[in-house]
Amino acid sequence: MEAVARKFKPKDFKSELKPIWCPGCGDYTVLNALTRALAELELPPEEVAVVSGIGCSSRIPAYTSVYGFHGVHGRALPVATGLKLARPELTVLVTGGDGDGFSIGGNHFLHACRRNVDITYIVMDNQVYGMTKGQASPTTAPDWEGSKLTPEGTGINPFQPLVVGLASGANFIARVSSSDPVNMAQIIVEAIRHPGFSLVQVLSPCVTFRPEQAEWRDIVRTAVVDFTGDAARAARRLMTDDGFNVGKVLYKGERPPFRPEHEPTDGSIAELEARFAL
Amino acid sequence: MNTASNRDGLIHTIPELLAHALAMETEAAERYGELAQQMETHHRDDVATIFRRLEKAETKHLAEITEMCSKVELPHYAPWDFKWTGAESPEAIDIGRVHYQLSVREAILLAYEHERSAAEFYAGIADTATAADVKKLARQFADEEQEHIGWLEDWLAKCGPGDAVAVDDPDPPLGQE
């Protein structure tokens, strides 16, 4: 508790556009947690950018008052990487879903972790493609029979985003539940503050195409151990984890973020033309 | 369900109480507004009307508390430092418990549960605080919440059999074939 009031309220980070997610969707909570986190960090809206791809959760940039880029399916991370490298003073966030991030954008995910640029990636994982009406995604369990495209399940082991993120070089890894928005706000604050690539997996139920996920709120439990900076130890924990340990940071690395040196520039057209002169 | 209380007596001063009240009423007003908007988007005007009325009531209550706070230097609490024991402030309906087919009765019961939690939160402070001014103000806030609880009890009493039935959707979302 401090005696100084914050400059911004969470509402200051919301746009006039109202969300059209299904009532009960976990993504509402993520939007609320994100705006609370930005208010707590006292980041002026004009110094923040949210980048996304395609999907229900990728609509978040439109619902915020910060700079936003609603881009191409699976390509949010390279756009965000370019933005952060060109404008290192900005706080760059990426929001999206499991299909966008781990299937269509799977290769970008690996290399974003590896590059370790100072951005925060918030993935709303509902284990389904919701916007296209309920197909199995990379994180769907192999025996989920809810889609007519996979009537007997996919039979394929689900993608493990946190294990893969850790192995690929993500510098901060956490898992939270949309049923605890205050904890989520706290973890997002930590993720933004931690240098390098921060990965936050949010268990965010799809109430329409995976109604059984409403039970997640009763299944999730607060992780019993605090974060480690030892990647091998974190890997052992994540490999033996059932996916429902939430609410804490699981890994905080110390790898320096990728920050290429920029040549001094005056930003003029003449200077740009000079660079391309033959 | 939020089960906020002040049984551990962590709110001792008027500025601390007002900081909690301001956050709670802000979140309640905004949440009722969000839920009303969600229901309007899904053409559930019956349920949206309930949430809009509560939003209006909470906004009025918020304006009164904001006025009180203008004369006091409030401490800043990070969202996770407030003394609620639930996941959020007690008066804010959990978004995950709402559905587009929510019946009118379910919506009223949900609001009733959270208004009661808010009253219990203030009553808990009134019971455990040691300072007389904190006790008095917390009791006043608890009584104001009772007014909302009274409305909801009236609305519940007026519910007909149809109000308890989840709304049928003749064109439900279907998985892509």
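The model shown is predicted, which means the values in this text are computed figures rather than measured ones.

Caption draft 1: Spotlight on the overall build of chain A. For chain A, the count of helices and strands is 10 helices and nine strands. For 278 residues, the compact-globule formula gives about 19 Å, and the C-alpha radius of gyration of chain A, at 19 Å, lands near that figure. When the backbone C-alpha atoms are referred to their principal axes, chain A occupies close to 60 × 55 × 40 Å. Taking the intrachain contacts of chain A between residues at least 6 apart in sequence as the baseline, contacts between residues at least 24 apart amount to 70%.

Caption draft 2: Local environment of the overall build of chain B. Of regular secondary structure, chain B possesses four helices and zero strands. Element order for chain B, N to C, with α for helix and β for strand: α-α-α-α. With the C-alpha coordinates of chain B rotated into their principal frame, the extents come out at 60 × 35 × 30 Å. Considering chain B as a whole, with its 177 residues, one finds that 42% of them fall into the buried category.

Caption draft 3: Quick peek at the environment of Ile-188 of chain A. Residues and elements named next belong to chain A. Along the polypeptide, Ile-188 turns up in helix α7 (residues 181-193). Counting along the chain gives 14 residues from Ile-188 to Ala-174, while the straight-line C-alpha distance between them is 9.1 Å. Not counting residues up to four positions away in its chain, the partners in contact with Ile-188 are Ala-33, Leu-34, Ala-37, Ile-122 and Val-200.

Caption draft 4: Main features of the sheet that holds strand β4 (residues 120-125) of chain A. Residue and element names in this part refer to chain A. Pairing in this open sheet of seven strands is mixed, and the strands run β2-β1-β3-β4-β6-β5-β9 from one edge to the other. Every other strand in the sheet has two partners, leaving β2 (67-70) and β9 (248-252) as the edge strands with one partner each. Put simply, the sheet's adjacent strands are angled 15° from each other on average, direction ignored. Pairing between β4 and strand β6 (residues 198-203): six bridges, direction parallel. The residue of β6 that forms the bridge with Met-124 is Val-202. The strands that helix α3 (residues 76-86) touches are β1 (48-52), β2, β3 (91-97) and β4; relative to β3, the one it contacts most, it runs at about 180°. Sheet strands in contact with helix α9 (residues 231-239) are β5 (172-177) and β9, and its direction is about 135° off that of β9.

Caption draft 5: Quick peek at the pairing of β5 of chain A. Residues and elements named next belong to chain A. Counted residue by residue, β5 has six buried out of six residues, so it is predominantly covered. A two-sided burial pattern is seen for β5, the buried positions comprising Phe-172, Ala-174 and Val-176 on one face and Ile-173, Arg-175 and Ser-177 on the other. Judged from the six bridges that link them, β5 and β6 form a sheet pairing that is parallel. When the bridges of β6 are listed, Val-176 appears paired with Val-202. Regarding topology, α7 serves as the crossover connection from β5 to the parallel β6, and that connection is right-handed. Pairing of β5 with β9 involves four bridges; the strand directions are antiparallel. Following the sheet pairing, Ala-174 is matched in β9 by Val-249.

Caption draft 6: Spotlight on α7 of chain A. All names here are of chain A. Between its terminal C-alpha atoms α7 stretches 18 Å, which fits the 18 Å expected from 13 residues at 1.5 Å a residue. Of all 13 residues in α7, 11 are buried, a share of seventy percent or more. Within α7 the residues assigned to the buried category are Pro-181, Val-182, Asn-183, Met-184, Ala-185, Gln-186, Ile-187, Ile-188, Val-189, Ala-191 and Ile-192. Looking at the packing, one finds that the buried side of α7 touches α1 (26-41), β3, β4, β5, β6 and β9.

Caption draft 7: Spatial organisation of the nonpolar core. In this structure, Ile-173, Ile-188 and Val-200 of chain A are the most contacted members of the largest nonpolar core, which totals 114 residues. Of all the elements, helix α1 (residues 14-41) of chain B adds the most residues to this core, at 12 residues. Sequence-distant contacts of Ile-173 of chain A, defined by excluding residues within four places in its chain, comprise Leu-162, Gly-165, Leu-166, Leu-199, Ala-234, Leu-250 and Tyr-251 of chain A.

Caption draft 8: Expanded view of the confidence of the model for chain B. All names here are of chain B. Mean pLDDT for chain B: 91, with 94% of residues reaching 70 or above. Per-element confidence in chain B ranges from a low mean pLDDT of 95 for helix α4 (residues 132-158) to a high of 97 for α1. Contacts from residues 1-5, a stretch scored under 50 in pLDDT, to residues over four places away or in other chains number 22 contacts.

Caption draft 9: How the structure looks around the interface of chain A and chain B. Chain A puts 36 residues into the contact, and the matching count from chain B is 27 residues. Put simply, the parts of the chain that give the side of chain A that touches chain B at least two residues each are α1 and α7 of chain A. Class assignment for the residues of the side of chain A that touches chain B results in 13 nonpolar, 13 polar and 10 charged.

Caption draft 10: Fine view of helix α6 (residues 161-168) of chain A. For α6 of chain A, the complete set of buried residues consists of Pro-161, Leu-162, Gly-165 and Leu-166 of chain A. Within α6 of chain A, the buried residues cover an arc of 130° as seen down the axis, which keeps them to one side.

Caption draft 11: Summary view of the packing of α1 of chain B against α4 of chain B. Residues and elements named next belong to chain B. Where α1 meets α4, the axes come as close as 9 Å, and the angle between the chain directions of the two elements is 20°. By the angle between their directions, the pair α1 and α4 is classed as roughly parallel. Crossing hand, α1 versus α4: right-handed. Packed against α1, whose contacting residues are Ile-14, Leu-17 and Ala-21, the element α4 presents Asp-133, Val-134, Leu-137, Ala-138 and Phe-141 at the interface. Residue classes in the contact of α1 with α4 are distributed as seven nonpolar, no polar and one charged.

Cut-off values and rules
- Within each chain, residue numbers correspond to sequence positions counted from 1 in written order.
- Chains and ligands are labelled sequentially in the order written, the chains with letters from A and the ligands with numbers from 1.
- The model is predicted, so local features are restricted to residues of pLDDT at least 70 and side-chain atom pairs to those at 80 or more, both for listing and for counting; the totals for chains, interfaces and linings are taken over all residues.
- In this text, helices come from DSSP runs of H or I with a minimum length of four residues, and strands from runs of E with a minimum of two, each type numbered from the N-terminal end.
- With the radius of gyration taken over C-alpha atoms, the globule rule is written as 2.2 Å times the number of residues to the power 0.38.
- Here the contact rule is simple: place C-beta atoms from the backbone, and any two residues whose C-beta atoms are within 7 Å are in contact.
- Each residue is classed by its C-beta neighbour count within 10 Å, where at least 20 other C-beta atoms makes it buried, 12 or fewer makes it exposed, and intermediate counts make it partly exposed; the C-beta atoms are placed from backbone geometry.
- By definition, two strands form a pair when at least two bridges between them are found by DSSP.
- What counts as an axis is a line fitted to C-alpha atoms, over the stretch in contact for a helix, and the angles between N-to-C directions run from 0 to 180 degrees.
- Call a crossover right-handed when, viewed with both strands pointing away from you, the route from the first strand across the helix to the second goes clockwise.
- Working rule for helices: expected span equals 1.5 Å times residues minus one.
- Here, a nonpolar core denotes buried Ala, Val, Leu, Ile, Met, Phe, Trp, Tyr and Cys residues that are linked to one another through C-beta atoms within 7 Å.
- Values of pLDDT, which run from 0 to 100, indicate the predictor's confidence residue by residue.
- Ten residue types, Ala, Val, Leu, Ile, Met, Phe, Trp, Tyr, Cys and Pro, are classed as nonpolar, four, Asp, Glu, Lys and Arg, as charged, and the remainder, Gly among them, as polar.
- Along the arc lie the directions from the helix axis toward the C-beta atoms.
- By the definition adopted for this analysis, an angle is roughly parallel if under 35 degrees, roughly antiparallel if over 145, roughly perpendicular if from 65 to 115, and oblique otherwise.
- Put simply, a crossing is left-handed when the front helix is turned counterclockwise from the back one by less than a right angle, and right-handed when it is turned clockwise.

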